Amino acid sequence: MGVQIKDIVPIKEVDLDYLQGKITAIDAMNTLYQFLSIIRQRDGTPLKDSQGRVTSHLSGLFYRTSNLIERGIEPVFVFDGEPPELKSGTLETRREIRAEAEKSRKKALEEGKEKEARKYAQRAASLSEEMVGQSKTLLSAMGVPWIQAPGEGEAQAARMTQNEDAWSVGSQDFDSLLYGSPILTRNITITGKRKLPGKDKYKEIFPEIIELKKLMAEHEIDRRQIIAIGILVGTDYNEGIKGIGPKRALKLVKEKGNIKEISETETGEKFDVDPLEVERIFLEPNVKDDYEIEWEDPDTDKIKEFLCEEHDFSESRINTGIERLKKGASKRAQESLEKWA
DNA sequence: CCTGAGCA
DNA sequence: TGCTCAGGG
């Protein structure tokens, strides 16, 4: 889920071309999970190869990434390592929710309720170690860099952006802002259209830029106070206070100044874990500075062997993707040549 | 999610 | 050129 602070975050819509020439450190798990959950048939069945292995994540990853590369957007994927100990409660809860959803999915399918079945299938989706490994294999064949984070991927991506090795973090969640990323990019999609709540109409989706500086300036708060707001509404590491959303959290934080003061109030006594420990996860995350970000030419044979031969993707569709990757690679080569001129 | 065909 | 829609694996 991530920390829910959308209501107090200033968001700027941009065109996908705005990201051209910019390096985006993409939260890989966030993205793959999105693909796995969304790329499905009407009854909720994911795409599968002839051996019954799920391929939805590979489809999304290949087509979207080759589009980004063609447009000169430079993605580097960042994978989760070990979660902080405090996340175990959240992870357990998610497991339970998935198990329940899987039961509901089967029931709905037996009753012939396709739409219901799909909803529960999406909720039951979970990324296996194998899927993560396959995704890394595919990215390497495509010549797209990926980084193994020691801890949370969002934390590592944020550090890379702070280090100015990336321009922004790409994720749907807001957590990277708490980890100190100067810029967050949401909705990095090619053909984004989303159902309008209620109506049968579809609205086009644009990438969104969120700047940490602007977020801080707008509310006259510092980064520790943003973390405090997160802790009040709830993070992956604590439950948050019932009845407090981002607006009330902001007000409280501005009144009390910091999480320590808040923890000593009546509200603060309701925390399920020590809020200072949660704050420490965001301020001193488990990240590394020895990483390498290099794009390479796509390896056509490896891509085809992996996607077409092993997982039954259509060769003609994969060919157009490979052409896009090549186009991006030559664009990069051209630009690095111009730097010398 | 993304592709590609069909149709205005 | 832009839109919808079925199907992808």
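Residues numbered from 1 in each chain as written. Chains lettered and ligands numbered in written order. Predicted model: local features only at pLDDT ≥ 70, side-chain atom pairs only at ≥ 80, totals over all residues. Heavy atoms only, no water.

In the nomenclature of an unreviewed UniProt entry, chain A is known as Flap endonuclease 1 of candidate division MSBL1 archaeon SCGC-AAA259E17. Here chain A is described in UniProt, under the heading Sequence similarities (unreviewed entry), as follows: "Belongs to the XPG/RAD2 endonuclease family. FEN1 subfamily." (UniProt positions renumbered as here; feature names shortened; annotations may be inferred.)

## Some words on the environment of Gln225
The residue Gln225 is located in helix 9 (residues 223–233) in this model. Assessed through its relative accessible area of 13%, Gln225 is described here as buried. Along the chain, Gln225 and Lys103 lie 122 residues apart, while their C-alpha atoms are 41 Å from each other. (Helix = DSSP H or I, 4+ residues; strand = E, 2+ residues; numbered from the N terminus. Buried < 20%, exposed > 50% of the residue type's maximum accessible area, 1.4 Å probe, protein only.)

## Topic: the protein's contact with DNA strand C
Around DNA strand C sit 14 residues in total, of which Pro46, Lys48, Thr55, His311 and Ser314 are the nearest. A share of 50% of the atoms of DNA strand C within 4 Å of the protein falls on sugar and phosphate groups. Between a base nitrogen of DNA strand C and a side-chain N or O atom of Gln41, the distance comes to 3.0 Å. Here Ser314 contributes a backbone N or O atom positioned 2.9 Å from a phosphate oxygen of DNA strand C. Across the surface near DNA strand C, the residue classes break down as four nonpolar, five polar and five charged. (Near = heavy atom within 4 Å. Polar contact = N/O pair within 3.5 Å; in protein donor to acceptor, adjacent residues only side chain to side chain. Nonpolar A, V, L, I, M, F, W, Y, C, P; charged D, E, K, R; others polar.)

## Points about the packing of helix 3 (residues 88–110) against helix 4 (residues 114–124)
Working note: a packed helix pair is described by the angle between its axes plus the distance between those axes. It is at 8 Å that the axes of helix 3 and helix 4 come closest, and there the two elements cross at 160 degrees. The angle between helix 3 and helix 4 places the two elements in the roughly antiparallel class. Remark: the crossing between helix 3 and helix 4 carries left-handed chirality. Touching Ile97, Arg98, Ala101, Glu102, Ser104, Arg105, Ala108 and Leu109 of helix 3 are Glu116, Ala117, Tyr120, Ala121, Arg123 and Ala124, all from helix 4. Class assignment of the residues belonging to the contact of helix 3 with helix 4 gives a composition of eight nonpolar, one polar and five charged. (Axes fitted to C-alpha atoms, helices over the stretch in contact; angles between N-to-C directions. Parallel < 35°, antiparallel > 145°, perpendicular 65-115°, else oblique. Left-handed = near helix turned anticlockwise from the far one by under 90°. Contact = heavy atoms within 4.5 Å.)

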